[in-house]
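Inside the fold
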Amino acid sequence: QVQLVESGGGLVQAGGSLRLSCAASGRIFSINRMGWYRQAPGKQRELVATITSGSSTNYSDSVKGRFTISRDNAKNTVYLQMNSLKPEDTAVYYCNADLRDSNINRRSLWGQGTQVTVSS
């Protein structure tokens, strides 16, 4: 009933940009934190960036200065603006939301993932 829908992935050349979006839908009471994680082949899933309901952000060292996370609380949507993309950014990117549903139960939801491929 509560879902995360991602969009914006694709193929881009090194140095280019992409903007990912993730919209939460359903009966949601509140969203405490949303974030982006990624998993490259043969590697562990890693944190990319997170943002709280108060717009406090956290970034992995590998993307600092290049990626920007933002959110629209009214739309329950989080964005990831990715600039100066590098081949090592190639991965499946997953949206995550730490939220409370309409019954005030804590939920952690994951999107289906969207492929980002950066070519050189």
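These notes cover the structure that comes with them. Worth saying up front: this structure is predicted, and the values here are computed from it rather than measured. (Residues numbered from 1 in each chain as written. Predicted model: local features only at pLDDT ≥ 70, side-chain atom pairs only at ≥ 80, totals over all residues. Heavy atoms only, no water.)

1. Things to note about the overall build of the protein
Note the following rule: A run of H or I in DSSP counts as a helix once it spans at least four residues, and a run of E counts as a strand once it spans at least two, with each numbered from the N terminus. All radius of gyration figures rest on C-alpha atoms, and the globule criterion is 2.2 Å times the number of residues raised to 0.38.
The helix and strand tally for the protein stands at zero helices and 11 strands. Scanning the protein from its N terminus toward the C terminus, one meets helices and strands in the order β-β-β-β-β-β-β-β-β-β-β. What you see for the protein is a C-alpha radius of gyration of 14 Å, in line with the 14 Å of a compact globule of 120 residues. For the protein, the C-alpha atoms occupy an extent of roughly 50 × 25 × 25 Å along the three principal directions.

2. Comments concerning unusual backbone geometry
What counts, and what does not: Only protein chains enter the calculation, and the probe is 1.4 Å; a residue is then buried if its accessible area is under 20% of its type maximum, exposed if over 50%, and partly exposed in between.
The phi torsion at asparagine 76 lies on the positive side, around 50 degrees, for a residue other than glycine. Position of asparagine 76 relative to the elements: it lies in the loop between β7 (67-72) and β8 (77-82). Exposure remark for asparagine 76: the relative accessible area of 24% places this residue in the partly exposed category. You will see that isoleucine 104, though not glycine, has its phi angle at about 65 degrees, which is positive. The class of isoleucine 104 is partly exposed, set by a relative accessible area of 38%.

3. Overview of the nonpolar core
Heads up, the rule is: Joining through side-chain atoms within 4.5 Å is the link that ties buried Ala, Val, Leu, Ile, Met, Phe, Trp, Tyr and Cys residues into a set, and such a set is a nonpolar core. In this description, contact between two residues means that some pair of their heavy atoms is separated by no more than 4.5 Å.
Judged by nonpolar contacts, the single largest core of 31 residues is most densely connected at Trp36, Leu80, Met82 and Tyr93. Looking at this core, the elements with two or more residues in it are β3 (18-25), β4 (28-39), β5 (46-52), β7, β8, β9 (91-101) and β11 (114-119). In terms of residues, this core owes the most to one element, β9, which gives five residues. Excluding anything up to four places from it in sequence, methionine 82 contacts Gly16, Ser17, Leu18, Leu20, Arg66, Phe67, Tyr93 and Val116.

4. A short note on the pairing of β9
This is how it is decided: Two strands qualify as a pair provided DSSP detects at least 2 bridges between them.
The element β9 is extensively covered by neighbouring structure, given that eight of its 11 residues are classed as buried. Strand direction decides the pairing type here: β4 and β9, joined by 10 bridges, are antiparallel. Following the sheet pairing, methionine 34 is matched in β9 by alanine 97. Relative to β11, β9 is paired through three bridges, and the arrangement is antiparallel. When the sheet's bridge partners are listed, tyrosine 93 is paired in β11 with threonine 114. Note: β9 against strand β10 (residues 106-110), five bridges, orientation antiparallel. Residue pairing for β10: asparagine 96 is matched across the bridge by tryptophan 110. Following β9, the chain reverses through four residues before pairing antiparallel with β10; isoleucine 104 in that reversal takes a positive phi of roughly 65 degrees.

5. Observations concerning the pattern of salt bridges
Side chains that differ in sign of charge can pair as their charged atoms come close. Put simply, the test is: Definition used for salt bridges: Asp or Glu carboxyl oxygen within 4 Å of a side-chain nitrogen of Lys or Arg.
Enumeration according to the criterion identifies four salt bridges in this entry. Residue aspartate 89 is joined to arginine 66 by a salt bridge in which the shortest nitrogen-to-oxygen separation is 2.8 Å. Taken together, the residues aspartate 89 in the loop between β8 and β9 and arginine 66 in the loop between β6 (57-59) and β7 connect sequence positions 23 residues apart. We classify arginine 66 as buried; its relative accessible area is 11%. Of the charged contacts, one joins arginine 107 and aspartate 101 as a salt bridge, the two residues approaching to 3.8 Å between their closest N and O atoms. Arginine 107 sits in the partly exposed class, given a relative accessible area of 29%. Classification of aspartate 101 by relative accessible area gives buried; the value is 6%. Bridged by salt links that share partners, the residues Arg38, Glu46, Arg66 and Asp89 form one connected network.

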